[in-house]
Amino acid sequence: MAAESDAESTHLQAMEEDDAAMDEREMDSESDGDQGMGVDDSDDDDETSEDEKENEAEIQRLEEQLSINAFDYNCHVDLIKLLKHEGELPRLRKARQKMSELFPLTEEIWLDWLKDEIRITEEEPNREKVNELFERAIKDYLCPDIWLEYAQYSIGGMGSAGGIERVRSIFERAITAVGLHMTKGQTVWEAYREFENVILATVQPPPGKIPSHEEQELLNKQLQRIHTLFRRQLGLPLMDMEATYAEYEEWSDQETTEKVLHQYKSALQQKEKYKPFEESLLVAETPKLAEYQAYIDFEMKEGDPARIQMAFERTLVENCLVPDMWAKYTTYLDRQLKIKDLVLSTHDRAVRNCPWTMGLWKCYLQAVERHGGSHQTVSDLFEKALNAGFIQATDYVEIWQVYLDYLRRRVDFSQESSKELEELRGSFTRCLDYIKQDVEERFGESGDPSCNIMQIWARIEALHCKNIQKARELWDSIMTKGNARYANMWLEYYNLEKAYGDSVHCRKALHRAVQCTSDYPEHVCEVLLTFERVEGSLEDWDLAVLKTETRLNRVKEQRAKVVEKEAIQAQQEEEQVEQRRKSRAEKKTQKKFQKRAPFAEKRKAQHGLDQDEWIADAEQAPKRHKGNGEQSKDEHMETEMPLIGNKAPPGYKGSTPSMRKAQQANDQKQSDDKSELRNDDSSVFVSNLSYTLQEPEAKLRTLFETCGPIKQIRLISSNKGTFKGYGYVQFETSESVTEALKLDRQQVDGRPVFVSPCVDKSRNPDFKVFKYNTTMEKHKVFIQGLPFSCTKEQLEEISMKHGTIKEVRLVTFRSGKPKGLAYVEFANEAQASQAILKMDGIEIEGKKISVAISNPPRRQQSKAGGPSRPDAVEPLPFSGHGARGRGRTQLSLLPRSLNRQSGPASKVENGTACGESHESAKPLSNADFAKMLLKK
């Protein structure tokens, strides 16, 4: 090995001397060229001096701004660019150093810095400083170019003792770090082989010379190294690996073994699986987060830890400011790899990139403790977290909880007093002061309204330190901070006293709870009575009953006043709504009368016809009148036209009886056909679809085709042919209806679709589709005040901490937009009660929610056959249609004599008058009609 190193060093030293001589000649020629230039640069010097003054002023401004706010990232970048332009290398080095202490540097900034340092420190003794800088650079991000630059720089120092092994060590670290990079890893492999080929050239004997045994052995070892590098690279899925295989076949004088060929083909197959992801990254725009996430998900399924790590590292190069990605990466390392150096370095990079994210600091603290970090290390890290600048008050409370948990785990409670215990108590005191002063001053809220920190401290004192008196003092402080009105807080205190105190203080706590609780006093009263049943005397029981009855009566009165006040307010609102409705109706009526004014004048003119002319027109009416005094709908319309003084339009031809009979027969046939096609038992009614829904039939067919074979889809349209938003889906069999009803509230183009049974309301007027209970359900809670962005999964995750969830239902408008309301159904009443105590008043995304037992208000039941509202008015009876259909005034314009039925003589049987057959009935003439009217 010594002979190998000496031979390599001698050859490389000769190569470096030749390069140095060439560089010296180039520098001499450049200096000669500069001396030959005789240009007057006085004007340029003046302009340069002015620019230098402006740049210096800008540099001073940036430095002053950084002295005020050291975390201004853009200011750091601008200062470095300006100093580099000015050539201020000492100040530039200092500026880069300050920025690197606060932030990870990008690949471009690191490469500029490294190249400048390499140019400054060309002497051998200063190479260690550059090496240290390279070691810092490779820790920030996964950058193949920095690794390649590091390896190439190390080649320049391989002439020293152990230099070749140092270069090989750096190359090995480089291919471990970035060798799996499909697009850039190949360059590192090629550089490694080139280095070994240079070594091979130095140990290879000249042509014609027979090598000695030692030289031959050295040559074989070097050839084996290059063979091994080729084979290692060919076993990895990299871009352009076919060219590498061709190069290996050309270089090697040996036949490729079956093992190498098998590895190569396997790598080619893997490359085809990764190729779509690499191609999507090439065409995507920065930051390519969705494409990288798909790549990570694929690698997680494959399960190769090295490739998973590579996918995360590549993602974070372009998404370094995405806290969720750092959290996923660190969680994977914590749970799967568990390599101390890798885990801690990644956590450190995460908090340096996203220092405002409390969750990353929390995981970092726990990781340091998990891997045996010193107490000083954890404490220093916690102090850094406090100064990171979180965006919510609750973040500071939670990071304090993590640190206090760590301190509690350090305490040996078997000793009455210890240094760790005193530190824990001192930290609790400091935490409460910090929340009261720093957090409340900054955010205007404590971040710990339920005093969870003090509750934990009280439990520790009672459980571990057996100091129940200190725990009671802490709970007194908790209650004075506005928590005395909550039942769950009193029950927590009661449970603490029950576990570690005595019955006297338990009774005292419950009596205070009865007096102070305002949200759920019934529950507290029940707990007090239960306690007295188990442990109290008769006098205690009587006192408890008296206090609970007094308290509940007072609560009942207060609630009655609130209900009365709400009722008055609701009535006032209804009156205001009714007043606005009447006002709009009056305005609408005025507009109608204004529009009808010209027609009224015209109608007055038409009424000028004399009575004889009117009678002459009326003589034609009996021809269209049935002998039994009844009229069809069409006939009634025709009869009514001349009575209001209107004449038929020019060219109008009335329909003949034969035409009308044919039309009625056609309508009857269509109705019969539809009745044959329709089957309500195998149909469902679909509503709440958008009027502008594109291709509604196709979308309904796609939605319901999984339920069974569809016979037909009937969409309801308006007279103008536009879709009205509802229709019917009829299946081949009635069994499909059950599956179709399960699709109720499914989203179609962002709107929930209502699916209900198909029932004829004319035959079943009492049928109701509403499927939710309208009575009290003690196992279900009603939640209001939810943020509109809250999802069903998020609410389910919050609720499942308090019991078994059977169903979660978010209440929405017909358009699908949330109302901020929800129902959560638990397995039993006890779990629902516990959920109310724990969840009522908590904040979700900054909004405080209220939780109560599900007890919907009763719906107003309408009287049978009467109006549904008390103030509703029965509509006037309407006996016919005008010439244009139903009249606006809902009044019939026929004379009453025509509507009045005859005496007993007009009694009919089977559609004919008494004593007359249908064929012998004579139609009345216009003169007969006139006589009937003149008699009145």
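Residues numbered from 1 in each chain as written. Predicted model: local features only at pLDDT ≥ 70, side-chain atom pairs only at ≥ 80, totals over all residues. Heavy atoms only, no water.

1. Examining the overall build of the protein
Cut-off, in case you're wondering: Working definition: helices are DSSP H or I runs of at least four residues, strands are E runs of at least two. Numbering for both runs from the N terminus. Type-normalised accessible area, obtained with a 1.4 Å probe on protein chains alone, sets the label of each residue: buried when under 20%, exposed when over 50%, and partly exposed for intermediate values. Any two residues having at least one pair of non-hydrogen atoms within 4.5 Å are treated as being in contact. The Shrake-Rupley method, run with a 1.4 Å probe, gives the accessible areas here. Residue values count only the displayed protein chains as cover.
If you tally the helices and strands in the protein, you get 35 helices and 13 strands. Burial analysis of the protein (936 residues in total) assigns 34% to the buried set. Within the protein, contacts between residues separated by at least 24 positions form 61% of all contacts whose residues are at least 6 apart in sequence. If you sum the accessible surface of the protein, you get close to 57900 Å²; carbon and sulfur atoms cover 50% of it.

2. Remarks on the environment of glycine 536
Residue placement: glycine 536 occurs in the loop between α25 (521–535) and α26 (538–606). Between the C-alpha atoms of glycine 536 and arginine 507, which are 29 residues apart in sequence, the distance is 9.0 Å. If sequence neighbours within four positions are ignored, glycine 536 has contacts with Arg507 and Phe531.

3. Here we look at the pattern of salt bridges
Heads up, the condition is: By convention in these notes, a salt bridge is any Lys or Arg side-chain nitrogen within 4 Å of a carboxyl oxygen on Asp or Glu.
A complete count under the given rule lists 40 salt bridges for this structure. Here glutamate 313 ties to arginine 349 by a salt bridge, and the two come within 2.7 Å at their closest N and O atoms. Separated by 36 residues along the polypeptide, glutamate 313 in helix α14 (residues 305–318) and arginine 349 in helix α16 (residues 340–353) bring together distant segments of the chain. The pair formed by glutamate 313 and arginine 349 is uniform in burial state, with each residue classed as buried. As a salt-bridge pair, arginine 559 and glutamate 522 come within 2.5 Å of each other at their nearest N and O atoms. Of the two residues, arginine 559 is situated in helix α26 and glutamate 522 in helix α25; the sequence distance between them amounts to 37 residues.

4. A few points about the sheet that holds strand β2 (residues 710–717)
Formally: At least two DSSP bridges between two strands are required for those strands to pair. Lines fitted to C-alpha atoms define the axes here, with helix axes fitted over just the stretch in contact, and angles between the N-to-C directions of these axes take values from 0 to 180 degrees.
Ordered in space as β2-β3-β1-β5-β4, the five strands form an open sheet in which the pairing is antiparallel. Each edge of the open sheet carries a strand with a single partner, namely β2 and β4 (746–748). If you compare each strand with its neighbour and ignore which way they point, the axes differ by 30 degrees on average. Of the pairings in the sheet, the one linking β4 to strand β5 (residues 751–757) comprises three bridges and is antiparallel in character. Bridging from a neighbouring strand, valine 748 pairs with arginine 751 of β5. Sitting on the sheet, helix α30 (residues 696–704) touches β1 (683–687), β2, β3 (723–731), β4 and β5, and the angle it makes with β2 is about 140 degrees.

5. Here we look at helix α20 (residues 419–443)
This is how the line gets drawn: One less than the number of residues in a helix, times 1.5 Å, gives the span that helix is expected to have. Consider a residue and the seven residues that end there alongside the seven that start there; fitting an axis to each set, the bend is the angle between those axes.
For α20, with 25 residues, the first-to-last C-alpha span of 34 Å sits near the 36 Å given by 1.5 Å per residue. Of all the bends found along α20, the most pronounced is centred on tyrosine 434 and spans about 35 degrees. Within α20, the full set of buried residues consists of Leu421, Leu424, Ser427, Phe428, Cys431, Tyr434, Ile435 and Val439. At its buried positions, α20 is contacted by α18 (375–386), α19 (393–410) and α21 (452–463). Remark: glycine 444 follows α20 within two positions and exhibits a positive phi of approximately 75 degrees.

6. Details of the nonpolar core
Note the threshold: The criterion is simple. A nonpolar core is a set of buried Ala, Val, Leu, Ile, Met, Phe, Trp, Tyr and Cys residues joined through side-chain atoms within 4.5 Å.
Judged by nonpolar contacts, the single largest core of 101 residues is most densely connected at Ile399 and Ile783. It is α19 that provides the largest number of residues to this core, a total of 10 residues. Of all hydrophobic cores here, the second largest spans 53 residues; its members include Phe171, Ala174, Phe195 and Leu236.

7. Quick word on the packing of aromatic side chains
Heads up, the rule is: Within 6.5 Å between ring centres, the rings of Phe, Tyr and Trp (the latter by its six-membered ring) count as paired, and their orientation is classed by plane angle as stacked under 30 degrees, edge-to-face over 60, tilted in between.
Going through the model one piece at a time under the given rule, you end up with 32 aromatic pairs. Between phenylalanine 312 and tyrosine 329, the aromatic rings sit 4.9 Å apart at their centres with planes inclined by 15 degrees, giving stacked as the arrangement. With phenylalanine 312 in helix α14 and tyrosine 329 in helix α15 (residues 323–337), this residue pair connects regions lying 17 residues apart in the sequence. Each of the two residues, phenylalanine 312 as well as tyrosine 329, counts as buried.

8. Observations regarding the packing of α15 against α16
Under the convention used in this document: The cut-offs work like this: below 35 degrees is roughly parallel, past 145 is roughly antiparallel, 65 to 115 is roughly perpendicular, and the gaps in between are oblique. Note: crossing handedness is left-handed where the near helix turns anticlockwise from the far helix by less than a right angle, and right-handed where it turns clockwise.
It is the contact of α15 with α16, at a shortest axis distance of 10 Å, that shows an interaxial angle of 165 degrees. Taken as axis vectors, α15 and α16 run roughly antiparallel relative to one another. Here the hand of the crossing between α15 and α16 comes out left-handed. Along its contact with α15, which presents Trp326, Tyr329, Thr330, Leu333, Asp334 and Leu337, the element α16 presents Leu342, Val343, Thr346, His347, Arg349, Ala350 and Asn353.

9. Some words on a negative patch on the surface
Our working rule: A patch is a set of surface residues, each over 30% in relative accessible area and not in a salt bridge, joined within 9 Å for like charges and within 5 Å for the nonpolar side chains Val, Leu, Ile, Met, Phe, Trp and Tyr. Charged-residue counts in this description rest on Lys and Arg as positive and Asp and Glu as negative, His and the chain ends being excluded. A charge is said to be at NZ when it belongs to Lys, at CZ for Arg, at CG for Asp and at CD for Glu.
A surface patch of like charges, here negative, comprises Glu50, Asp51, Glu52 and Glu54. A relative accessible area of 44% places glutamate 52 in the partly exposed class.

10. Observations regarding unusual backbone geometry
Residues threonine 286 and proline 287 are joined by a peptide bond in cis, for which omega reads 15 degrees. Summarising the element assignment, proline 287 is placed in the loop between α12 (258–283) and α13 (289–302). Backbone geometry places cysteine 451, a non-glycine residue, at a positive phi of 55 degrees. Along the chain, cysteine 451 falls in the loop between α20 and α21. Cysteine 451 gets classed as buried once you look at its relative accessible area, which sits at 4%. You will see that arginine 745, though not glycine, has its phi angle at about 75 degrees, which is positive.

11. A short note on the sheet that holds strand β6 (residues 777–784)
The sheet built from four strands is open, its strands ordered β7-β8-β6-β11 with antiparallel pairing. On the outer flanks of this sheet lie β7 (805–812) and β11 (850–854), each paired with one strand and no other. Direction aside, the axes of adjacent strands within the sheet are offset by 25 degrees on average. For β6 and β11, the ladder comprises five bridges, and the chain directions are antiparallel. What sits directly across from glutamine 784, in β11, is serine 850. Packing of helix α32 (residues 792–799) onto the sheet brings it into contact with β6, β7 and β8 (818–826), and relative to β7 it is tilted by some 140 degrees.

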